[in-house]
Number of protein chains: 2
Amino acid sequence: MLDSFLTFINQHTPDLKHQPTLLAVSGGIDSVVMVHLFHEQGLPAGIAHCNFGLRGEESNADEAFVRALAARCNFPVFVSDPDVKTFSKSHSISTQMAARELRYEWFEEIRRSSGYGWIATAHHSNDSLETLLLNLARGTGLPGMCGIAPVRDHLIRPLILSNRAEVRRYAEENGITWREDRSNASDDYQRNKVRHHVVPVLTDLNPSLETTFNASAERLRAANTLLDEYLGAWKSRIMRDSGGSMNIPIDEILGKSEPIYRLWYILQDFGFLYSQVRAIAVALHGKPGKQFHSPTHVLLIDRALLILKAHGEQSNEGQLLIEDTETPVEWLGMTLCFEKLPSAGALDSGPFAIAVDANRLTFPLMLRKWRPGDIFQPFGMAGRSKKVSDLLIDRKIDRFEKDRIVVLLDGNGEIIWVVGQRADERFRVGETAQEILKISIGAS
Amino acid sequence: MLDSFLTFINQHTPDLKHQPTLLAVSGGIDSVVMVHLFHEQGLPAGIAHCNFGLRGEESNADEAFVRALAARCNFPVFVSDPDVKTFSKSHSISTQMAARELRYEWFEEIRRSSGYGWIATAHHSNDSLETLLLNLARGTGLPGMCGIAPVRDHLIRPLILSNRAEVRRYAEENGITWREDRSNASDDYQRNKVRHHVVPVLTDLNPSLETTFNASAERLRAANTLLDEYLGAWKSRIMRDSGGSMNIPIDEILGKSEPIYRLWYILQDFGFLYSQVRAIAVALHGKPGKQFHSPTHVLLIDRALLILKAHGEQSNEGQLLIEDTETPVEWLGMTLCFEKLPSAGALDSGPFAIAVDANRLTFPLMLRKWRPGDIFQPFGMAGRSKKVSDLLIDRKIDRFEKDRIVVLLDGNGEIIWVVGQRADERFRVGETAQEILKISIGAS
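Residues numbered from 1 in each chain as written. Chains lettered and ligands numbered in written order. Predicted model: local features only at pLDDT ≥ 70, side-chain atom pairs only at ≥ 80, totals over all residues. Heavy atoms only, no water.

Draft legend 1. Looking closely at the domain arrangement of chain A. Residues and elements named next belong to chain A. As far as domains go, chain A holds domain 1 (2-222), domain 2 (242-313) and domain 3 (318-443). Both sides of the domain 2 and domain 3 interface together cover about 610 Å² of buried area, and 60% of this is carbon and sulfur. The largest per-residue losses of area from domain 2 upon contact with domain 3 belong to Leu 273, Gln 276 and Pro 295, which jointly make up 55% of the total buried on that side. Where domain 2 meets domain 3, there are one residue pair in polar contact (both at pLDDT 80 or more). For the side of domain 2 that touches domain 3, the secondary structure elements donating two or more residues are helix H12 (274-283) and strand E9 (291-293). (Domains from an automatic or database assignment. Buried area = accessible area lost by both parts, 1.4 Å probe. Polar contact = N/O pair within 3.5 Å; in protein donor to acceptor, adjacent residues only side chain to side chain. Helix = DSSP H or I, 4+ residues; strand = E, 2+ residues; numbered from the N terminus.)

Quick look at the structure:
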């Protein structure tokens, strides 16, 4: 454990003696062991602890524990209680993502303002392997296969060469106490499955799994860095900033190897997902004029150019992105609930619920007010298109109610549901559907 | 199933109607379903079956089954009974690797000589996912994370978009019969662990795992292709053929990003492993003159150049490479056995067995006759070096016995054991050893 810690410092951050490090400490075993190692080795450090207050008394006990630890080590301590719920609402992201973003933003703020060189988090090699396996299960590309980076920007992971068992043994041998962490219940559920049921089988196949994995992750990160170098140079050669928009010549994409991957490499920075980019690549062979939306940008396929523009402020406020369907979503006084169903027979639909083929959906989904010009393919109309405005006229929806009509779109910009009014044909549950998602509304 | 099959053809091989395909058929469910699909769709084909005769009567019953299947479909049938054991011995590789190589070589031979366009194997998406997970457990780089390629050279995998359950359902619905395959017992053991214990947990996290995985594998293959394009261009710019050797300017490696990966990219074609390349990269910073061996080549670190030369014929015959320690190894009338042990205490050593720190070993190991000039660090001599020739003189080994003395080396060219005489200090089981390998000899 101590060996791996010193090897890490020697390889990556020999300057730790000369510049204090900001340690991110939850109070769990990993972060407390990290504090112990810094203290033992006489490395200058400070402690940062976030109290999101999401678990009431327990959160406050964690904070007290960390404050006491910092006092014993004579390390300065910083505690923050950011308002996760407001942030997650205003940025249209999940509580968990909000907590993550806020935490790292705040660490970086302290690092700069208080003269720390690095921010250290206590991830070890099992965290890294579990992350890779979770990414693999959920779908990923090369960056998701690289595990947790030992060093990135101002972040370091000095325990990454050790595994969970080594951290635990070190804690026990040194009489270290810690707080059990019960947050992130949903992510923990999946991670625990990987930890307790997948990793042991792989360890049975290879007793040195974590060491082997560290070597593999190092190779994959090198591959990723080199690919980044290659595509980064290509990107900066072909992208042109023309004032209000960024332009990409279409023949620079289509004339090259692996056009989808190249296009995704450019568009990922503008919030587009790989599955969307696949649809965009298909559209490049069709008529010009088609538009695709990401949370922040719109992409227009022009004759010879792809044109990227930022959304106006207004359009960002009038919409809500839905990254996954794990939890219900609240917006404009309405709750949208999701439920996975085994077969279509079980569904009792009605105007406040629809059933869709889950595998047809591209994420993120988007909820927004309907707009003039919105077109969809009403369920049961054999693929014919209809304007949403015509539907509302047909249904004699009055002016005030009309202002409150909302549409649910998938990541390719196709309407899934004119909410509470009519489902779209394209997402219907066909005979080959393997998974059905029920989407329903209720007042919140 | 049929849908995925037609999608595959449409995407990758629209010419299947016009040129016959050679189907690799073991008689197992996957390959029989593939034959059925080709026959049903009226696609021209022939069948190739290898009878290695490794399982006696069962192998012959498989052959009879495949011949009858071909007759029913009116497909030409080719059967081969290659001598795996001789091939594996003469090429110093395991029976399983020999079987694999011989099979593909023979398929390619028939393809060219009998006018087939493609060779088709019946791998499906679960095979691909299992392969990735096995590679991950054993240690791998980007190529090992790409799953099984849908198309490579003249090979196609037309079932790769379907999963195991779909293949089985198709077989049952169409009243197809097949032979249960019991070969590859050791690989099957590991694969079955992944199949029955890892994949179900991941499927529980994501019910559309195979579809998701196909998309991830496609992305990773695109990344791999692009990286290959980048490094391939770089390699052909810097490598110089100077008659009997290939030269690489050292500053073209050290002056670049990710030097280990770049060096491995060049040296992998000459039989060097990633772990060896790591040691070579370290040696680049040391004194010139060091040599490294792969099964086929020797690499010399000169002042400003890396110089690669093929081994002479003779040196190839006088050595045996050991890729893993799963099975005993026979060579020159001697058997080398391997056993993993929990702790050093249990080992009763003596001259015919040694215990080494398994994690110190770099593969492939090599067995060869000792040579004048061989140097090692005798066990217990605190790191001092000694010539093997001096050891043999000290021990009064007579001339005839001397000719039969063999050394075991690890992949970095370091002597592990002067076999039957003296172990090396560098591989001793230290206090931090996590895994111990016992290596012993007996007459075969």
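The discussion continues.
Draft legend 2. Representation of the pairing of strand E12 (residues 319-322) of chain A within the structure. Residues and elements named next belong to chain A. Burial along E12 is two-sided: Gln 319 and Leu 321 and Leu 320 and Ile 322, pointing in opposite directions, are all buried. In terms of strand pairing, E12 meets strand E16 (residues 365-369) through four bridges, oriented antiparallel. The residue bridging Gln 319 from the neighbouring strand is Arg 368, located in E16. (Buried < 20%, exposed > 50% of the residue type's maximum accessible area, 1.4 Å probe, protein only. Pairing = 2+ DSSP bridges.)

Draft legend 3. Main features of the sheet that holds strand E20 (residues 415-418) of chain B. Residues and elements named next belong to chain B. As summarised here, the arrangement of the five strands in space is E12-E16-E19-E20-E21, forming an open sheet in which the pairing is antiparallel. Because the sheet does not close on itself, it has two edges, and the strands there are strand E12 (319-322) and strand E21 (422-423). Bridging between E20 and E21 involves two bridges; their strand directions are antiparallel. Paired with Trp 417 across the strands is Ala 423, a residue of E21.

Draft legend 4. Region of the structure containing the nonpolar core. Counting 98 residues, the largest nonpolar core has A:Tyr261 and B:Tyr261 as its most contacted members. Once you skip the residues sitting within four places of it in the chain, B:Tyr261 turns out to touch A:Arg219, A:Ala222, A:Ala223, A:Leu226, B:Leu142, B:Leu227, B:Leu231 and B:Tyr274. (Core = buried A, V, L, I, M, F, W, Y, C linked by side-chain atoms within 4.5 Å. Contact = heavy atoms within 4.5 Å.)

Draft legend 5. Focus on the interface of chain B and chain A. Taken together, the contacts link 52 residues of chain B with 52 residues of chain A. For the pair chain B and chain A, the summed buried surface comes to about 4,700 Å²; carbon and sulfur atoms form 64% of the total. The three residues of chain B that bury the most area against chain A are B:Leu205, B:Arg219 and B:Leu226, which together make up 16% of that side's buried surface. Applying the counting criterion to the chain B and chain A interface returns six salt bridges. Across the salt bridge formed by B:Lys193 and A:Asp204, the nearest N and O atoms sit 2.3 Å from each other. Across the contact surface, chain B and chain A share 18 residue pairs in polar contact (both at pLDDT 80 or more). Secondary structure elements with two or more residues in the side of chain B that touches chain A: helix H6 (125-138), helix H8 (185-205), helix H9 (209-238), helix H11 (259-267) and helix H12 (274-283) of chain B. Broken down by element, the residue count for the side of chain B that touches chain A peaks at 17 residues, all from H9(B). Here the side of chain B that touches chain A is composed, by residue class, of 27 nonpolar, 14 polar and 11 charged. (Salt bridge = Lys/Arg side-chain N within 4 Å of Asp/Glu carboxyl O. Nonpolar A, V, L, I, M, F, W, Y, C, P; charged D, E, K, R; others polar.)

Draft legend 6. Structural detail: the UniProt feature "binding site: ATP" (unreviewed entry) in chain A. All names here are of chain A. Those residues carrying the UniProt feature "binding site: ATP" (unreviewed entry) are Ser 26, Gly 27, Gly 28, Ile 29, Asp 30 and Ser 31 in this numbering. Turning to its location among the elements, Ser 26 is positioned in the loop between strand E1 (21-24) and helix H2 (29-40). Apart from the residues lying within four places of it in its own chain, the contact partners of Ser 26 are Ser 31, His 49, Asp 62 and Val 66. Within the structure, Ser 26 has its side chain in polar contact with the backbone nitrogen of Gly 28 (distance 3.0 Å). Tracing the backbone shows Ser 31 in helix H2. Its relative accessible area of 5% is what places Ser 31 among the buried residues. Those residues in contact with Ser 31, other than ones at most four positions away along the chain, are Ala 24, Val 25, Ser 26 and Ala 122. (UniProt positions renumbered as here; feature names shortened; annotations may be inferred.)

Draft legend 7. Up close: the relation of the copies chain B and chain A. Between chain B and chain A, which share one sequence, the superposing operator has a rotation angle of 180° and an axial displacement of 0.0 Å; the RMSD is 0.1 Å. Between the two chains, the operation in question is that of a two-fold axis. (Least-squares fit on C-alpha atoms with pLDDT ≥ 70 in both.)

Draft legend 8. How the structure looks around helix H1 (residues 2-12) of chain A. Residue and element names in this part refer to chain A. Among the residues making up H1, those that are buried are Ser 4, Phe 5, Phe 8 and Ile 9. Seen end-on, H1 carries its buried residues on one side only, within an arc spanning 135°. Of the residues in H1, the exposed ones pointing more than 90 degrees away from the buried face are Asp 3, Asn 10 and Gln 11. At its buried positions, H1 is contacted by H2, strand E5 (151-152) and strand E6 (155-156). (Arc of directions from axis to C-beta.)

Draft legend 9. The pairing of strand E11 (residues 305-310) of chain B, seen in detail. Residues and elements named next belong to chain B. In this structure, strand E8 (residues 246-249) lies alongside E11, joined through four bridges in antiparallel fashion. Along E11, the bridge assignment pairs Pro 249 with Leu 305. In this sheet, E11 lies alongside strand E10 (residues 297-301) in antiparallel orientation, the contact comprising five bridges. Each residue of the ladder has a partner; that of Val 298, found in E11, is Lys 309.

Draft legend 10. Examining the environment of A:Glu130 more closely. Residues and elements named next belong to chain A. Along the chain, Glu 130 turns up in helix H6 (residues 125-138). In the structure, Glu 130 is positioned 63 residues away from Arg 67 in sequence and 30 Å away in space, judged by C-alpha atoms. Sequence-distant contacts of Glu 130, defined by excluding residues within four places in its chain, comprise Arg 164, Arg 191, Val 194 and Arg 195. At a separation of 3.1 Å, a polar atom in the side chain of Glu 130 contacts the side chain of Arg 195.

Draft legend 11. Looking closely at helix H3 (residues 57-73) of chain A. Residue and element names in this part refer to chain A. Under the 1.5 Å per step criterion, the end-to-end length of H3 is 25 Å for 17 residues, consistent within 8% with the ideal 24 Å. Where H3 is buried, its residues contact H2, strand E2 (45-50) and strand E3 (77-80). Positive phi shows up at Asn 74, right after H3, with a value of about 60°. (Expected span 1.5 Å × (residues − 1).)

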